[in-house]
Amino acid sequence: MYLIRKLIKNNRAATAIEYGLIAALIAVAAITAMRSLGNSLTKTFNNVATNLNSVG
């Protein structure tokens, strides 16, 4: 009975899972932002390269 009460009072596992979920959410948001930024940079560099080739 003591062991069951001790396990119920233990919040470390739940807290670790919550921190893990927060870290995963932040990682997904960062990956999404980096992909968007990467696509934008690709378009910008392609535009610059096209303009340089047309001038030269």
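Not measured: the values here are computed from a predicted model. (Residues numbered from 1 in each chain as written. Predicted model: local features only at pLDDT ≥ 70, side-chain atom pairs only at ≥ 80, totals over all residues. Heavy atoms only, no water.)

1. With respect to the overall build of the protein chain
Tallying secondary structure elements over the protein chain gives two helices and zero strands in all. When the 56 residues of the protein chain are sorted by exposure, 0% land in the buried category. As presented, the protein chain carries roughly 5400 Å² of accessible surface, and 67% of it is formed by carbon and sulfur atoms. (Helix = DSSP H or I, 4+ residues; strand = E, 2+ residues; numbered from the N terminus. Buried < 20%, exposed > 50% of the residue type's maximum accessible area, 1.4 Å probe, protein only. Areas by Shrake-Rupley, 256 points an atom, 1.4 Å probe, with all protein chains shown as cover.)

2. Comments concerning a nonpolar patch on the surface
Nonpolar side chains collect at one region of the surface, where Y19, I22 and I26 lie side by side and expose about 350 Å² of accessible area between them. Among the structural elements, Y19 can be located in helix α2 (residues 12-55). By relative accessible area, which is 58% here, Y19 ends up exposed. (Patch = residues over 30% accessible without salt bridge, like charges linked within 9 Å, V, L, I, M, F, W, Y side chains within 5 Å. Salt bridge = Lys/Arg side-chain N within 4 Å of Asp/Glu carboxyl O.)

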